[in-house]
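Per-entry structural report
Here is how the chains run, residue by residue.
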Amino acid sequence: MADVSLKEVTLIVGVVTACYWNSLFCGFVFDDVSAILDNKDLHPSTPLKTLFQNDFWGTPMSEERSHKSYRPLTVLTFRLNYLLSELKPTSYHLLNMIFHAGVSVIFLKVCKLFLDNRSSVIASLLFAVHPVHTEAVTGVVGRAELLSSIFFLAAFLSYTKSKGPNNSIVWTPIALTVFLVAVATLCKEQGITVVGICCVYEVFIAQRYTLPLLCTTAGQFLRGKSSIPFSMLQTLIKLIVLMFSTLLLVVIRVQVIQSQLPVFTRFDNPAAVSPTPTRQLTFNYLLPVNAWLLLNPSELCCDWTMGTIPLIESFLDIRNVATFTFFCLLGALGVFSLRYPGDSSKTVLMALCLMALPFIPASNLFFPVGFVVAERVLYVPSMGFCILVAHGWHKISNRSVFKKLSWVCLSLVIFTHALKTLHRNWDWESEYTLFMSALKVNKNNAKLWNNVGHALENEKNFERALKYFLQATRVQPDDIGAHMNVGRTYKNLNRTKEAEKSYMMAKSLMPQIIPGKKYAARIAPNHLNVYINLANLIRVDESRLEEADQLYRQAISMRPDFKQAYISRGELLLKMNKPSQAKEAYLKALELDRNNADLWYNLAIVYIELKEPSEALKNFNYALELNPKHKLALFNSAILMQESGEVKLRPEARKRLLSYLSEEPQDANGYFNLGMLAMDDKKDSEAEMWMRKAIKLQADFRSALFNLALLYSQTAKDLMALPVLEELLKYYPDHIKGLILKGDILMNQKKDILGAKKCFEKILELDPRNVQGKHNLCVVYFEEKDLLKAERCLLETLALAPHEEYIQRHLNIVRDKISSTTLIEQPIFPIRKTAGVHRDKIPTKNVKEISEPRSTEVIKTGDNNSQSKSNKQSGENIDKETAHKTTKEIKEIEKKRVAALKRLEEIERILNGE
C-alpha cells in the first residue's frame, strides 16, 4: 500500500477549497431547517443521552412519526458547532468542507490499493470536484454522508491489514474494523455496507479467487474429492466473524427502531405504494437515473419526490430500454470482474462493489425509503464510479494514439466539474435560490413550487407566495399540503373566505377514519394540521366555537397521540369558559409529552382560571424546571407570587422578574412589576427607579404613570406627582383615577380650586354616576362658599350611594352651616395648622390603583406549514385595572378611614359649639 505524500494531500485539499470556498456564505436551507434550526438536541440544555434516544431530526425513535434515521454521532458534531457559534451557518459549512477534504484524502489512499499513483490522484480529484456532491457537502445535513464515509473508508483500510504472513489472521485490524463499522453506522445507516466490501475484498482480492475457481473448489469438496484448503478455511473464519458482527449490529439497529419501519406517504415516494409491476419497473428504472447523474451531473435538483419521475406503468414504456441497457452493462462488467484473474478485473470488481453495495439501502429494491432520488446518497457510490473512470482513462492513455486526447478530455472534465460545483454552491445560498434552481430542472414536482412559496412567505411576500402555492395545487391537485399552504396565505392576506375554502378542499382530500387503526391510511402527521388551521380560522367567529371544537376532536380521533390538537383544543376551551375541560385536554397532552415546558405553562393558566393559584404556581415551577428561561412562566409566576400577598414569596418573585428582564430587557412590564414589588416592600426609591425605567421604555405606560404619581403622593411629594399625572392624562384623558388624584392634589396642595373643579367635572362627563368624582365636586362647591349648590350636589351623590355614611355626615354639616348665622365662616376640615388657627375642609376622596399587565395567555398554535414548528408567543403589554387590593392598599385605605372619622367627630363638636 503506497503512502499518500504531502504534495498529494496539499493538491487535494487545495482543489476542495477552491471548489467549496463559496459554500461558507450559504445559510441553512431545506432539510437543514429541521435538522439544525428546529432540533433541540443541539442545545446545551438538552441532556446528551437524548441524542441517543432521538432520530436525526430530534424526534423520539419511539414515536411513529419518526423517520427512524438513527445518527447520534452526526448530531453530536452539530451540537459541537452550536457550542462554537450557535446558529451561525459559517462554522457548519466550514466543518463540512474539512470533512470532504478528509474523505478525499482517505479515498486517495484506498485508490492506491487498486490503481497506480497517477490514476489514484485522478480518481481522488474527480471525487473531490464532482458536482453531485454539492448536496452532501454544501447542504449541512449531508454531513451524515461525510462522517459515515470517513469511518467507512477507515474500516476498509483497517481490514486490508488483517492478512498476516502465510495467510494468517491478524485479529487487531479485524476488531478495529468492527468498531469503525459501528461508528460509521452511528453516523449514517449505510456505514454497515462496508462489511460486504470487506468480504468481497477478502475473497477476490486478498485470496485472489475467481468465480470459476470458487465453483470448482466447492464442487470438489462436495463430491469428496478434496478437503477445504487451509487458506479458504482462514477466509471462512474471517467472513464468519464479519457476518456475525454485522448481524449483531443489525439486531441492535432493529431494537433501536423498535422493529418499526418509518412511515412515508405516496407523495414522498409514489412508486412505493404502486401495484405490481409499476413498483418494480419504476424502482429498477431509478438505477440508471442515478448512474446518469454520476455520468452527466449537468442537471441537479435538490428534491426528486412526488411527480419528478413519472411512474412506469407498462412494459412498453420506452424508459425500460434504459433499464435493460444499464443491467446489461452492469452484468458485463460483473462477469468480467468475477470470471477473469488479473489486476484490471479486480479493480473493476472493487469499483462495482463501491458503487452498488453502499447504494442498496437507498435503492428501494428491498424496502421503501422516503425519496425517489437523492443526490447525497451517491456520495459513496461515486467513489466506485471515480475508480472506474480513472482505470478506464489509464487504459486509454497507455495507447500512444489516444494519450494526448485522453489528457485533454480528462482536464476538461475535471475543470468543468469544478466550475459546475462552484456554481452549484450558490444555489444553496438560500431556500429561494435553491428551489428556483430546482424548478429549472423539474416543473412537475409540487413540493418545489410549495417550497419556493414558503421561501417567499418567510419574506412576507404573500402575494408572490400565493402564486407558487396555487401552481403546486395545479401540478398535484391531490396534494393536501399545497391546499393548506394556499389557505394559510389567503389568511395572511386577510382573505378569510378563500382561506376557509382552501382548508375545506384540503380536508376533503384526507382519507376516511379507519376505526381502531393507528396512523389511519398512512396520513402524514403534518397533514392533520389542516384541522388545526381550519379550526383556528373559524374560531374567530364567536358563533362557530363549537364547530372549531369539533374539528379538534376529529383530528384527535384520527390520531389519539396528536399532541398539537390537545393543545389547541385546550386553548379554545379556555376561550369558551370551560376551564375544567381545558384542564383535561392539557393533561392528555402532558401524557404524550411531559418534557414540554409550554404545556406545563398552559396548564398553570388553566388553574388560574379555576381560581387555584397554588396549583398554578406548581405548574409554573414545573415549566421552569424544564426550561429555566421560559419567559412567560418567569413573568406570570412572579406576578402570581406578588398577588398572593405572602411576604416570603416576594424575594423569589423579584428574582424571577430580574431573570425575565435578562431575556427581555426591553419589556416595560417587567420593570413596572418590580416597581410594584418595591412599593409593597416600602422601598420607595427603588420603586421610583423601576417605574421610571418602565416609562422610559414605554412613554404611554398607563399603569406605570399612575402608580408613580400615586407613589409620590403617598410619600409627600405631591408636586412631583403633578407632571406625571399631566403625562398620563395626555395619553389617557379619560383616566378617571388619574383625574381624581390630580384634582385632590390641586385642591389640597396647590389650592387651585378651579383646576380641581375642571378635573371633577371631566370625571362626571365620562361617568355621571362616579361617586368619588361627584362627592369631590361637592367639596369644591363648598370651598367656593356656594352652600346651596353644595347641598344639592351632596343630595345627588347620596342618591347614587345611599349607604355611604360619610356623604350623609357631610350633607348634615352643610345644612348646619346654612342654618347657622352665628358661626364664623371657615373651612370644615383641617389641612394644616397655621398661627394656632385650624383651617378645616370637607375631605376629598382619593383612590389607589394597582394595575399590572399579566401575560396569562396560553402558548398558541397558529397555522402550520409542511414543516411543523413549535409556535411560542411572548408577553404583550396589557394594561388592566385589577379588582383585587394588595395588603398595602388595604392598610392605606383603613388609615384614611380612621383619620376621616376622627376629623368628622371634631367638626361635629365645633358645629355643636362644644
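Everything numeric here is computed off the predicted structure, so don't read it as measured data.

This paragraph deals with the packing of aromatic side chains. Enumeration over the complete set of coordinates arrives at 20 aromatic pairs. Ring geometry for Trp 21 against Phe 25: centres 6.1 Å apart, planes inclined by 85°, an arrangement best described as edge-to-face. Consider the rings of Phe 326 and Phe 327, whose centres lie 5.5 Å apart with planes at 75°: the pair is edge-to-face. By relative accessible area, which is 35% here, Phe 327 ends up partly exposed. Each member of the aromatic cluster is reached from another via a ring pair, and the members are Trp 21, Phe 25 and Trp 426.

Right, let's talk about helix H21 (residues 496-508) for a bit. With 13 residues, H21 ought to run about 18 Å at 1.5 Å a step, and its terminal C-alpha atoms sit 18 Å apart, in line with that. All buried positions along H21 are accounted for by Ala 499, Ser 502, Tyr 503 and Ala 506. Taken down its axis, H21 places every buried residue within 100° of arc, on the same side. Residues of H21 that are exposed and point over 90 degrees away from its buried face: Lys 497, Lys 501 and Ser 508. Those residues of H21 hidden inside the fold are in contact with helix H20 (480-492) and helix H22 (529-538).

What follows concerns the packing of helix H24 (residues 563-575) against helix H25 (residues 579-592). Each pair of packed helices can be summarised by the angle the axes make with each other and by the distance between the axes. Orientation of H24 relative to H25, taken along the N-to-C sense of each, is 165°, at an axis distance of 8 Å. Relative to H25, H24 is oriented roughly antiparallel. In this structure, the crossing between H24 and H25 has a hand that is left-handed. Between H24 and H25, the contacting residues are Lys 563, Tyr 566, Ile 567, Arg 569, Gly 570, Glu 571, Leu 573 and Leu 574 on the first element and Pro 579, Gln 581, Ala 582, Ala 585, Tyr 586, Lys 588, Ala 589 and Leu 592 on the second. Among the residues making up the contact of H24 with H25, the classes are represented as ten nonpolar, two polar and four charged.

Attention now moves to the state of the cysteines. Here is the idea: a disulfide is a covalent bond, and it sits between the sulfur atoms of two cysteines. According to the stated counting rule, one finds one disulfide in the structure shown. At a sulfur-sulfur separation of 2.0 Å, the disulfide partner of Cys 778 is Cys 793. Judged by the sign of its S-S torsion, about -85°, the cystine formed by Cys 778 and Cys 793 is left-handed. One end of the pair, Cys 778, is in helix H36 (residues 771-783); the other, Cys 793, is in helix H37 (residues 787-800), and 15 residues separate them in sequence. Neither Cys 778 nor Cys 793 differs from the other in exposure class; each is buried. Note on Cys 111: no disulfide assigned, nearest cysteine sulfur contributed by Cys 386 at a separation of 7.9 Å.

Calculation rules
Residue numbers run consecutively from 1 along every chain, following the written order of its sequence. Given that this is a predicted model, residues contribute local features only at a pLDDT of at least 70 and side-chain atom pairs are listed and counted only at 80 or more, while totals for whole chains, interfaces and linings are drawn from all residues. Side-chain measures were taken over the full set of non-hydrogen atoms in the model, leaving aside hydrogen atoms and water. By convention, a stacked pair of Phe, Tyr or Trp rings (six-membered ring in the case of Trp) has centres within 6.5 Å and planes under 30 degrees apart, an edge-to-face pair has planes over 60 apart, and any other such pair is tilted. Only protein chains enter the accessibility calculation, which uses a 1.4 Å probe. A residue is then buried if its area is under 20% of the maximum for its type, exposed if over 50%, and partly exposed in between. Runs of H or I in DSSP of at least four residues are treated as helices and runs of E of at least two as strands, each being numbered from the N terminus. A helix's residues, less one, multiplied by 1.5 Å, set its expected span. Read the arc as the range of directions from the helix axis to the C-beta atoms. Working rule for contacts: check all heavy atoms of both residues, and any pair within 4.5 Å makes them a contact. Comment: axis = line fitted to C-alpha atoms, over the contacting stretch for helices; angle = value between 0 and 180 degrees taken between N-to-C directions. Angles below 35 degrees are treated as roughly parallel, those above 145 as roughly antiparallel, those between 65 and 115 as roughly perpendicular, and all remaining angles as oblique. With the far helix as reference, a near helix turned anticlockwise by less than a right angle produces a left-handed crossing, and one turned clockwise produces a right-handed crossing. Basically, the charged four are Asp, Glu, Lys and Arg, the nonpolar ten are Ala, Val, Leu, Ile, Met, Phe, Trp, Tyr, Cys and Pro, and anything else, Gly included, counts as polar. Only a pair of cysteine sulfur atoms within 2.5 Å qualifies as a disulfide here.

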